[in-house]
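Given next are the chains, with one letter for each unit.
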Amino acid sequence: MSRPVLLITGASAGIGAACARLAAERYDIALNYRSDQAGAEAVKADCETQGARVILCRADVSKPEDITAMFAQIDAEFAGLDALINNAGIVGQTARVTDLSYARMREMFDVNVIGAILVAKEAVLRMQARSKGAIVNISSAAARLGSANTYVDYAASKAAIETFSKGLSDEVCAQGIRVNALRPGIIETGIHAKGGDPDRAARFASSVPMQRTGSPEEVAKGVLWLLSDEASYVTGTVLDVTGGR
Ligand code: NAP
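Visitor: Explain the packing of aromatic side chains to me, please; I cannot follow it from the model alone.
Guide: Geometry of an aromatic ring pair is reported as the spacing of the ring centres plus the angle between the planes. As enumerated under the stated definition, the model contains one aromatic pair in all. Cation over ring: arginine 26 sits above tyrosine 27, and NZ or CZ is 4.9 Å from the ring centre. We note arginine 200 situated over the ring of phenylalanine 204; from NZ or CZ to the ring centre the distance is 4.6 Å.

Here it is as structure tokens:
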């Protein structure tokens, strides 16, 4: 029997990679990444040991032409698209709003918001054709907290994705497509180092009510639950995976 097909953006590392490894037991996977070829290959190999068919889709989600090419590749390789984890995302260096540059804000919103919306749009077009599908957009606890003195632009980009998730859900849920968002809290991935603050997760652990950071695998379990039939009456909502933060 053929497996459902899942697209995960930003799956060469961190939360996206954990989602791929957890999903591989059940789904065939279109595994998107931007630059980390070695990371993507390693995740692919792990997924294949669980019987998944995996295609690697190198695409920068901030570039509309890359998204078009990625979906052309998916259309050529798979019979349809059943699920999407809209996960690719970036943070910036720690800064106050008065220090934010236009270029940084532009990139933040091009990747975290416009890229995610364009990917969701293409996914919905394919899901609508078969009147079924599930989408999880990865937000952040920052959308609630605002992230003052660190990255307010990032927090605002994640708030936008939550509002988008609710609106898209209302548009498509009667057609059999569920759309939810998930807010990770402070999760041990490479994103903090990429934002210039490698010790961030460890430093903030004591501010979490559970007194610890989360793992990418703990986030992946929530994401895969939202995609699954176990969540068949769950749409237009946001799930916190934040240790209580
Ligand atoms: P990560 O370890 O830095 O991984 C980010 C992934 O996104 C990588 O696979 C990266 O690909 C990909 N990516 C980045 N920009 C891209 C682009 N323009 N096009 C396509 N792929 C792109 O980050 P993470 O911590 O797993 O974060 C995943 C998601 O969770 C993000 O949306 C993030 O905002 C959210 N989140 C994370 C935390 C946390 O504490 N870690 C908390 C809340 C929310 P390449 O490396 O191949 O370029």
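Visitor: Sorry, what's going on with the pattern of salt bridges here?
Guide: It is possible for side chains of opposite charge to pair when their charged atoms get near one another. A complete count under the given rule lists 15 salt bridges for this structure. The residue aspartate 46 makes a salt bridge to arginine 21 at a minimum N-O spacing of 2.6 Å. One end of the pair, aspartate 46, is in helix H2 (residues 37–48); the other, arginine 21, is in helix H1 (residues 14–23), and 25 residues separate them in sequence. In this structure aspartate 46 comes out as partly exposed when scored by relative accessible area, which is 32%. Here arginine 21 falls in the partly exposed class, since its relative accessible area comes to 34%.

Visitor: Would you mind going over the site of the ligand with me for this structure?
Guide: Residues in contact with the ligand amount to 33 residues; listed here are only the nearest, Ser12, Asp36, Tyr154, Thr189 and Lys194. Between the ligand and serine 12, the relevant distance is 2.7 Å, taken from an oxygen atom to a side-chain nitrogen or oxygen of the residue. Alone, the ligand offers 910 Å² of accessible surface; in the complex the protein occludes 97% of this. Put simply, the parts of the chain that give the shell around the ligand at least two residues each are H1, strand S2 (28–33), helix H6 (152–172) and helix H7 (191–194). In terms of residues, the shell around the ligand owes the most to one element, H7, which gives three residues. Here the shell around the ligand is built from residues that sort into 15 nonpolar, 13 polar and five charged.

Visitor: Got a minute to help me understand the pairing of strand S5 (residues 133–138) in this structure?
Guide: Of all the six residues making up S5, six are buried; the element is thus mostly covered by neighbouring parts of the structure. In terms of strand pairing, strand S4 (residues 83–86) meets S5 through four bridges, oriented parallel. What sits directly across from isoleucine 85, in S5, is valine 136.

Visitor: I tried to follow the state of the cysteines on my own but got confused; where do I start?
Guide: By definition, a disulfide links the sulfur atoms of two cysteine residues through a covalent bond. Applying the stated criterion across every chain yields a total of zero disulfides. This cysteine, cysteine 57, is not joined by any disulfide, and cysteine 47 carries the nearest cysteine sulfur, 13 Å off. Note on cysteine 57: relative accessible area 0%, which makes it buried.

Visitor: How should I be thinking about the nonpolar core in this particular structure?
Guide: Generally speaking, nonpolar side chains in soluble globular proteins are found buried as a group. Membership of the largest hydrophobic core comes to 36 residues, with the highest contact counts inside it found for Leu7 and Ile74. Where this core is concerned, the elements lending two or more residues are strand S1 (5–8), strand S3 (54–58), helix H3 (64–77), helix H4 (102–128), H6 and strand S6 (177–184). When residues in this core are grouped by element, the largest group, eight residues, is from H4. Isoleucine 74 has contacts with Leu7, Ala30, Ile55 and Cys57, leaving out every residue within four places of it along the chain. Ala17, Ala20, Ala52 and Val219 belong to the second-largest nonpolar core, a separate cluster that totals 34 residues.

Rules used throughout
- Residues numbered from 1 in each chain as written.
- Predicted model: local features only at pLDDT ≥ 70, side-chain atom pairs only at ≥ 80, totals over all residues.
- Heavy atoms only, no water.
- Phe/Tyr/Trp six-rings, centres within 6.5 Å; stacked < 30°, edge-to-face > 60°.
- Lys NZ or Arg CZ within 6 Å of the ring centre and 35° of its normal.
- Salt bridge = Lys/Arg side-chain N within 4 Å of Asp/Glu carboxyl O.
- Helix = DSSP H or I, 4+ residues; strand = E, 2+ residues; numbered from the N terminus.
- Buried < 20%, exposed > 50% of the residue type's maximum accessible area, 1.4 Å probe, protein only.
- Near = heavy atom within 4 Å.
- Polar contact = N/O pair within 3.5 Å; in protein donor to acceptor, adjacent residues only side chain to side chain.
- Areas by Shrake-Rupley, 256 points an atom, 1.4 Å probe, with all protein chains shown as cover.
- Nonpolar A, V, L, I, M, F, W, Y, C, P; charged D, E, K, R; others polar.
- Pairing = 2+ DSSP bridges.
- Disulfide = S-S within 2.5 Å.
- Core = buried A, V, L, I, M, F, W, Y, C linked by side-chain atoms within 4.5 Å.
- Contact = heavy atoms within 4.5 Å.

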